[in-house]
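# Examination of the molecular architecture
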Amino acid sequence: MTVLEEKICKLIAAVGPISVADYMSIVLSDPDHGYYTTRTAIGLEGDFITAPEISQMFGELIGIWCVAAYEALGRPPRLSLVELGPGRGTLMADLLRAGRVDPGFIRAAEVHLVEISPELRRRQAAGLTGLASPIWHDRIDDLPDGPLIVVANEFFDALPIRQFVRSERGWRERVVGLDDNGNLAFGLGAAAPDPALLPAGAAEAPLGAVAEINRPAEAIVGTLAHRLAQHGGAALIFDYGHVKSGFGETLQAVRAHHYADPLREPGECDLTAHVDFDRLAAAATAEGASVLGPTTQGDFLLAMGLTERAGALGAGRNAEEQANIVAAVERLAGPDEMGTLFKAMAVTHPPLALPGF
Ligand code: SAH
């Protein structure tokens, strides 16, 4: 049993079963033993690999997008360039390098990173040496006022979801409790949940249907959209998920590039859930911001010039390097890889016509 598992079992023994969201939140961000707080799991040698770690082209094209947003915003003299959950800092480094095409953008941009992991903050500082002097924050509420450009890749999927199951007794919240042997086990809460937490069509959903809701993700997008509406700016969000709300279970654990059991060895595996872009878009428009997309990551990157960028990057390289670049294009944009499952969505104020959508 991991130390974190013991801690969770003791908590449940004391207070009773906890929601999936509370479980996810402890597993990922417990200050002493949480998955993100204690390790740098991203990359080939870690548990999972992300788009910026596949190729520099991903961050570079996002850099070009940010410059386009800066132009569309009328070239403000100062702006906060914000990344949520920057991992190893690779995306921001590639973005800033590509952003040098417009020295005005680089001069105006003050880099802010929202990151809970002390270990990853150290990695980000190292990765950005010579490129930026970032300011770190635990939460987006601490960001300064003023225009902002925000990017987030695989950030929202790491926030805690609540799950609801259509049972014989009606909809019930899925909880994490203890089985007869004292091991972590899923169960159902006793009370009926607030119907506002369930998606449209919940009343007609079949037995066993699962609905998920990511309140922190919606709250963060709402806060961001509010700031954009007040101060002007644009946010670009990438994640795996669905364009329309619906039913289905997407909570998953990944360790060393393989799926694992979300209730086994908590703190040792990454836990994520698909992002419901429908609800994120609704949270943004409710605050008066405009939404572009969502579109697929593949379509976004191709519209941003992925093929041309790959051609330029490969020019003059040897056959092996060129094959690696072609493989990276396929992984980032191919329909069987990240191209279709991953989505891109932008939130802006004022409404802006931006490339990629
Ligand atoms: N964007 C990076 C990393 C994705 S992993 C990439 O594409 O490679 C998720 C990132 O979000 C990690 O940096 C993790 O430490 C951070 N994170 C997770 N939950 C967070 C929270 N509640 N607040 C701030 N950062 C968080």
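Scroll up for the structure.
## Side note on the nonpolar core
Side chains that are nonpolar tend, in soluble globular proteins, to be buried together. With 50 residues, the main nonpolar core has Ile 62, Trp 65, Cys 66, Leu 81 and Leu 95 as its most contacted residues. Top element by residues in this core is helix α5 (residues 56-72). It accounts for nine residues.

## Some words on the sheet that holds strand β12 (residues 258-260)
Taken together, three strands build an open sheet; the order of strands is β12-β11-β13 and the sheet is antiparallel. Strand pairing shows two members of the sheet lacking a second neighbour, β12 and β13 (270-272), which therefore form its edges. In this sheet, neighbouring strand axes are inclined to one another by 40° on average, regardless of whether the strands run parallel or antiparallel. Pairing of strand β11 (residues 252-255) with β12, which is carried by three bridges, proceeds in the antiparallel orientation. Along β12, the bridge assignment pairs Arg 255 with His 258.

## Quick look at the site of the ligand
Every one of the 17 residues lining the ligand counts as a neighbour, but Thr 50, Gly 85, Gly 87, Glu 115 and Asn 153 are closest to it. One of the backbone N or O atoms of Gly 87 is found 3.1 Å from an oxygen atom in the ligand. In this structure, an oxygen atom belonging to the ligand sits 2.7 Å away from a side-chain N or O atom of Asn 153. Bound to the protein, the ligand loses 93% of the 570 Å² it would expose on its own. Among the cavities detected, the one that contains the ligand is the largest pocket. When grouped by side-chain class, the residues that make up the shell around the ligand number nine nonpolar, five polar and three charged.

About the thresholds
Residues numbered from 1 in each chain as written. Predicted model: local features only at pLDDT ≥ 70, side-chain atom pairs only at ≥ 80, totals over all residues. Heavy atoms only, no water. Core = buried A, V, L, I, M, F, W, Y, C linked by side-chain atoms within 4.5 Å. Buried < 20%, exposed > 50% of the residue type's maximum accessible area, 1.4 Å probe, protein only. Helix = DSSP H or I, 4+ residues; strand = E, 2+ residues; numbered from the N terminus. Pairing = 2+ DSSP bridges. Axes fitted to C-alpha atoms, helices over the stretch in contact; angles between N-to-C directions. Near = heavy atom within 4 Å. Polar contact = N/O pair within 3.5 Å; in protein donor to acceptor, adjacent residues only side chain to side chain. Areas by Shrake-Rupley, 256 points an atom, 1.4 Å probe, with all protein chains shown as cover. 1 Å grid on protein atoms, 1.4 Å probe; cavity = no way out; pocket = protein on both sides within 12 Å on 5 of 7 lines; lining within 4 Å. Sits in = over half its atoms within 2 Å of the grid points. Nonpolar A, V, L, I, M, F, W, Y, C, P; charged D, E, K, R; others polar.

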